[in-house]
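Breakdown of the fold
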Amino acid sequence: MNALLTPFLLEKVLLLQLLLFLPTFVLAGPEEDRAAFRAFYEKRFPKVQVEEHINGAYALDEGRRAQWLEMEEFPPYEFTIDDGESLFFEPFADGSGYGDCFANDGAVKHL
């Protein structure tokens, strides 16, 4: 009988220790995580200003950034935006449309 209780008690003691000490391992909150994330990339790319990180790889390579900016003068995806706009306003068979899927009378239009 004692042989059966020993593994059972051992399991309960280990579970209790885990539950008591697990919360002490979580030392960082969201703000600390954000600061550590930012510090990592500031150290990894010291020549890139933090405001430029939004541009991704184009913040690292001036040649590619110049090509990207030139491409944005006549973006190759512009025609698909126009196609999407016409599809957005085209009603379904039941009379509703994509705009009905969003609150506040449709999706937000960015100009």
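Each remark here, short or long, concerns the structure printed above.
This is a predicted model, so every value here is computed, not measured. (Residues numbered from 1 in each chain as written. Predicted model: local features only at pLDDT ≥ 70, side-chain atom pairs only at ≥ 80, totals over all residues. Heavy atoms only, no water.)

Our next topic: the packing of aromatic side chains. Scanning the model with the defined rule gives eight aromatic pairs in all. Ring centres of phenylalanine 88 and phenylalanine 89 lie 5.1 Å apart, and the angle between their planes is 90°; this geometry places the pair in the edge-to-face category. Classification of phenylalanine 88 as partly exposed rests on a relative accessible area of 22%. Its relative accessible area of 59% is what places phenylalanine 89 among the exposed residues. Cluster of aromatic residues (ring-pair linked, three or more members): Phe88, Phe89, Phe92, Tyr98 and Phe102. (Phe/Tyr/Trp six-rings, centres within 6.5 Å; stacked < 30°, edge-to-face > 60°. Buried < 20%, exposed > 50% of the residue type's maximum accessible area, 1.4 Å probe, protein only.)

In this section: the pattern of salt bridges. Where side chains of opposite charge bring their charged atoms close, a pairing between them can arise. Following the criterion strictly, the structure yields four salt bridges and no others. Two residues, arginine 34 and glutamate 31, come together in a salt bridge whose shortest N-O distance is 2.7 Å. Here the residue arginine 34 and the residue glutamate 31 both occupy positions in helix H2 (residues 30–44), the gap between them amounting to three residues, near one helical turn. With a relative accessible area of 47%, glutamate 31 lands in the partly exposed category. Here arginine 65 makes a salt bridge to glutamate 52, at a shortest N to O gap of 3.0 Å. In this pair, arginine 65 sits in helix H3 (residues 62–71) while glutamate 52 sits in the loop between H2 and H3, placing the two residues 13 residues apart along the sequence. We classify arginine 65 as buried; its relative accessible area is 18%. With a relative accessible area of 28%, glutamate 52 lands in the partly exposed category. (Salt bridge = Lys/Arg side-chain N within 4 Å of Asp/Glu carboxyl O. Helix = DSSP H or I, 4+ residues; strand = E, 2+ residues; numbered from the N terminus.)

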